[in-house]
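One letter stands for each residue in the lines below.
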Amino acid sequence: MESPINILIVDDEPKNLVVLETVLDNPSYRLVRAESAEQALLALVAEEFALLILDIRMPGMTGIELAKLVKERKKTARVPIIFLTAYYSEDQHVLEGYGSGAVDYLHKPVNAAILRSKVAVFAELHLKNREVEMVNHALRTEVAERRLAEEKLQKLVEELEVFSYSLAHDLRAPLRSLRGFSDILVEDHGATLDGDALVYLRRISTSAQRMDDLIRDILAYTKVARAEFPLTSVDVGKLIQDVAAIYPSLQPDQADINVAPNLPAVLANEAALVQVFSNLLGNAVKFVSHGVRPRVNVRGEEVDGFLKLWFEDNGIGIPKEAHDRLFNLFTRLNRSEDYEGTGIGLAIVRKAASRMGGTVGVDSEPGRGSRFWVMLKKAQQTSQLSGLAQKSVLDQSR
Amino acid sequence: MSDTILLVEDRADDVLFMKRAFTKARVPYDLKVVNGGRQAIDYLSGEGIYSDRHSYPLPKLVFLDLSLPDVSGFEVLQWIRKGQPALKDMVIVVLTSSDLTSDIQRAYDLGANSFLSKPSEPAKLTDMVREVIGHWLSGPDRQQGSVHRAS
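Residues numbered from 1 in each chain as written. Chains lettered and ligands numbered in written order. Predicted model: local features only at pLDDT ≥ 70, side-chain atom pairs only at ≥ 80, totals over all residues. Heavy atoms only, no water.

Caption draft 1: Layout of the overall build of chain B. From N to C terminus, chain B includes five helices and five strands. Walking chain B from its N terminus toward its C terminus, one meets helices and strands in the order β-α-β-α-β-α-β-α-β-α. With 151 residues in all, chain B has 48% of them scored as buried. Contacts in chain B between residues at least 24 apart in sequence constitute 65% of all its contacts with a sequence separation of at least 6. For chain B, the accessible area works out to roughly 7200 Å², and carbon and sulfur atoms hold 50% of it. (Helix = DSSP H or I, 4+ residues; strand = E, 2+ residues; numbered from the N terminus. Buried < 20%, exposed > 50% of the residue type's maximum accessible area, 1.4 Å probe, protein only. Contact = heavy atoms within 4.5 Å. Areas by Shrake-Rupley, 256 points an atom, 1.4 Å probe, with all protein chains shown as cover.)

Now the structure itself:
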């Protein structure tokens with residue numbers, strides 16, 4: 001049940017207090033009586049009130065003086081006051097001095113209906129305030145709890161990152177040994193081993209390498225999925241060229257990579273974008289028919305503040321029914337004997353793109369090459385900038 | 001007597017790989033090995049058995065792993081670069097399986113000359129040893145402070 005509304009009634013005449021009690025007899029009100037300003041002050045210190053009904057003319061401290069103290073005290077400053085006065089004309093100027101809506105006055109003898117309705121208005125106001133207060137309190141508590149939960153989660157994520165990193169680190173060390181020793185056996189003792197032994201050793205080495213690739217890619221995926229993601233303006237054309245310059249399979253003696261000039265800058269995380277481009281370019285040159293020289297065309301298309309980057313290849317293509325699951329973790333469409341891979345690369349691409357507010361997709365058919373696209377937010381609104389002008393904008397923003 | 005290179009490495013397999021790489025690379029350096037950070041500091045400061053500089057000469061170059069059981073590679077790096085003026089010309093090559101950007105940055109900040117990832121193939125390790133020694137220890141005009149990274 002709602003707690004009752006406390007109302008303090010102050011009058012030096014006990015019979016006036018009885019009148020007030022009679023008029024305001026209501027189960028939702030709790031009336032507290034005070035027969036002097038001093039008594040009223042004690043009551044105000046002891047508990048909280050929704051309303052003060054105050055006789056002005058009292059021996060000792062007057063109602064006006066009491067009201068002044070009430071308004072000065074921070075805890076009670078906002079408690080509304082209804083003055084009761086038998087000498088309206090004399091007290092009027094003092095009452096007007098208050099000027100605020102939280103103060104009202106009534107003539108004595110009191111009109112019961114008017115008093116009840118005025119008190120009801122203040123009571124209603126008090127209930128509303130109490131409600132707002134409660135909602136506010138609940139909100140504050142919720143915000144605080146949420147902040148605490150977020151901090152905990154952030155800590156947990158950080159711990160998990162350190163954990164998964166050291167786990168992967170520890171998992172990779174024995175694999176390096178496995179691979180290293182089988183390679184050494186082949187290299188240093190190959191002459192004394194028969195053909196089968198060499199084949200088995202190579203298989204050990206390949207398996208170790210494959211496991212190492214898997215761990216490396218899972219690590220890259222978790223990094224993209226969890227790490228902090230500050231977005232900055234990135235020169236995509238330059239970044240694609242940089243990526244193409246690093247990977248052996250993307251070198252000019254291995255493949256033709258053609259990047260359209262003057263691609264607009266995008267709002268992205270550079271490290272994540274390196275993962276996106278290296279995976280898309282790596283796939284584009286990897287999945288070609290035997291003996292075909294890989295050819296990749298990268299071009300941009302501007303769509304509503306986004307840059308849609310197309311990666312078009314001359315590879316083996318992908319059947320339509322596989323397009324949906326292509327970007328899922330561990331999806332492989334080819335035997336590892338034909339094309340090596342962990343099935344994680346495109347999952348990294350999609351996760352990275354979505355964390356940068358972008359999307360990815362593919363348009364492909366077997367035998368007709370693949371056209372992968374990634375859609376990224378452009379770094380600035382104006383799209384008519386020339387390549388040169390864009391570069392200077394970029395330089396300034398660094 | 002040939003010059004010395006010190007390997008700070010706790011993994012026995014990696015020590016074996018490095019020893020083989022030194023043999024294969026035919027570099028004119030003697031490889032000494034310590035298995036932890038504490039031992040590395042003892043060696044470099046000539047504590048205990050390491051006071052015998054005939055058997056344990058000060059190295060020209062240190063291959064330093066980062067994750068070591070007792071005193072970490074970072075701490076060793078810091079100890080060498082802060083307050084060991086006698087070792088200021090000694091080349092420190094961090095050789096680790098970490099490729100965390102933060103680790104790389106921290107290693108360079110603490111004064112590492114080079115940061116290399118442990119290659120997974122023995123043949124690549126041999127090439128790396130040859131390259132590192134050729135780069136840092138050949139001729140009087142050694143290139144100081146340049147960044148050199150293996151793939």
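Back to the write-up after that little detour.
Caption draft 2: Structural detail: the interface of chain A and chain B. On the chain B side, the residues contacting the 15 residues of chain A number 18 residues. Here chain A packs against chain B, burying approximately 1500 Å² in sum over the two surfaces, 52% of which is carbon and sulfur. The largest share of the area that chain A buries against chain B comes from Tyr165(A), His169(A) and Arg176(A), three residues that together contribute 39% of it. On the surface where chain A and chain B come into contact, there are five salt bridges. Note that Glu187(A) and Arg20(B) form a salt bridge whose closest N and O atoms lie 2.9 Å from each other. Of all elements in the fold, only α5 (112-189) and α6 (195-226) of chain A reach the threshold of two or more residues within the side of chain A that touches chain B. Per element, the largest residue contribution to the side of chain A that touches chain B is 13 residues, and it comes from α5(A). Among the residues making up the side of chain A that touches chain B, the classes are represented as five nonpolar, four polar and six charged. (Buried area = accessible area lost by both parts, 1.4 Å probe. Salt bridge = Lys/Arg side-chain N within 4 Å of Asp/Glu carboxyl O. Nonpolar A, V, L, I, M, F, W, Y, C, P; charged D, E, K, R; others polar.)

Caption draft 3: The arrangement of the packing of aromatic side chains in detail. All told, the structure shown has eight aromatic pairs over all chains when counted by the stated rule. Their ring planes at 80° and their centres at 6.1 Å tell us that Phe327(A) and Phe372(A) sit as a pair that is edge-to-face. One end of the pair, Phe327(A), is in the loop between β10 (306-313) and α9 (345-355); the other, Phe372(A), is in strand β12 (residues 370-377), and 45 residues separate them in sequence. Phe372(A) matches Phe327(A) in its accessibility class, with the two residues each being buried. Arranged with centres 4.9 Å apart and planes meeting at 75°, the rings of Tyr50(B) and Tyr56(B) form a pair that is edge-to-face. Judged by relative accessible area, which is 24%, Tyr56(B) ranks as partly exposed. (Phe/Tyr/Trp six-rings, centres within 6.5 Å; stacked < 30°, edge-to-face > 60°.)

Caption draft 4: Quick peek at the packing of helix α7 (residues 236-246) of chain A against helix α8 (residues 270-286) of chain A. Residues and elements named next belong to chain A. For the pair α7 and α8, interaxial distance at closest approach is 10 Å and the crossing angle is 60°. As the angle between them shows, α7 and α8 are arranged oblique. Helix-helix and strand crossings are classified by hand; for α7 and α8 the assignment is right-handed. Seen from α7, the contacting residues are Val236, Leu239, Ile240 and Val243; seen from α8, they are Glu270, Leu273, Val274, Phe277, Ser278 and Leu281. Classifying every residue of the contact of α7 with α8 by side-chain character gives eight nonpolar, one polar and one charged. (Axes fitted to C-alpha atoms, helices over the stretch in contact; angles between N-to-C directions. Parallel < 35°, antiparallel > 145°, perpendicular 65-115°, else oblique. Left-handed = near helix turned anticlockwise from the far one by under 90°.)

Caption draft 5: Quick look at helix α2 (residues 37-45) of chain B. All names here are of chain B. For α2, the full list of buried residues reads Gly37, Ala40, Ile41, Tyr43 and Leu44. The arc that holds the buried residues of α2, viewed along the axis, is 160°, so those residues lie on one side. Elements that come into contact with the buried residues of α2 comprise β1 (3-8), β2 (29-34) and α3 (73-81). (Arc of directions from axis to C-beta.)

Caption draft 6: Examining the sheet that holds strand β4 (residues 81-85) of chain A more closely. All names here are of chain A. Strands sit in the order β2-β1-β3-β4-β5 across an open sheet of five strands; the sheet is parallel. Both outer strands of the open sheet, β2 (29-34) and β5 (103-107), are each paired with one neighbouring strand and no more. The sheet shows a mean angle of 20° between the axes of neighbouring strands, direction not considered. Pairing of strand β1 (residues 5-10) with β2 involves six bridges; the strand directions are parallel. Residue pairing in the sheet places Ile7 in a bridge with Leu31 of β2. Each of β1, β2, β3 (51-55) and β4 is contacted by helix α1 (residues 14-23), which is oriented at about 175° to β2, the strand it contacts most. Lying over the sheet, helix α3 (residues 63-72) contacts β1, β3, β4 and β5, oriented at roughly 170° with respect to β4. (Pairing = 2+ DSSP bridges.)

Caption draft 7: Here's a closer look at the sheet that holds strand β4 (residues 91-96) of chain B. Residue and element names in this part refer to chain B. Taken in spatial order, the five strands make up an open sheet running β2-β1-β3-β4-β5, and their pairing is parallel. Single-partner strands in this sheet number two, and they are β2 and β5 (114-117). Neighbour-to-neighbour, the strand axes of this sheet turn through a mean angle of 20°, independent of strand direction. Where β4 meets β5, four bridges bridge the pair, whose relative direction is parallel. When the sheet's bridge partners are listed, Leu95 is paired in β5 with Leu116.

Caption draft 8: A look at the confidence of the model for chain A. On average, residues of chain A score 85 in pLDDT, and 91% of them are at 70 or above. Below pLDDT 50 for its whole length, residues 382-398 of chain A participates in 16 contacts with residues either more than four positions away or in separate chains. (pLDDT = per-residue confidence, 0-100.)

Caption draft 9: Seen up close, the environment of Asn269(A). Residues and elements named next belong to chain A. Structurally, the position occupied by Asn269 is in the loop between β8 (266-268) and α8. Remark: the alpha-carbon pair of Asn269 and Arg355, spanning 86 residues in sequence, is separated by 9.1 Å. With near-sequence residues (within four places) excluded, Asn269 lies in contact with Glu228, Phe229, Pro230, Leu231 and Met356. Of the polar contacts made by the side chain of Asn269, one reaches the backbone oxygen of Pro230; its length is 3.0 Å. A polar contact is formed between the side chain of Asn269 and the backbone nitrogen of Ala272, at a distance of 3.0 Å. (Polar contact = N/O pair within 3.5 Å; in protein donor to acceptor, adjacent residues only side chain to side chain.)

Caption draft 10: Inspection of the pairing of β3(A) at higher detail. Residue and element names in this part refer to chain A. In terms of residue burial, β3 counts as a mostly covered element, since five of its five residues are buried. Neither face of β3 is open: one carries Leu51, Ile53 and Asp55, the other Leu52 and Leu54, and all of them are buried. Of the pairings in the sheet, the one linking β1 to β3 comprises four bridges and is parallel in character. By the bridge assignment, Ile7 is partnered in β3 with Leu51. After leaving β3, the chain enters α3 and then returns to the sheet as β4, a path that is right-handed. (Right-handed = clockwise from strand over helix to strand, strands pointing away.)

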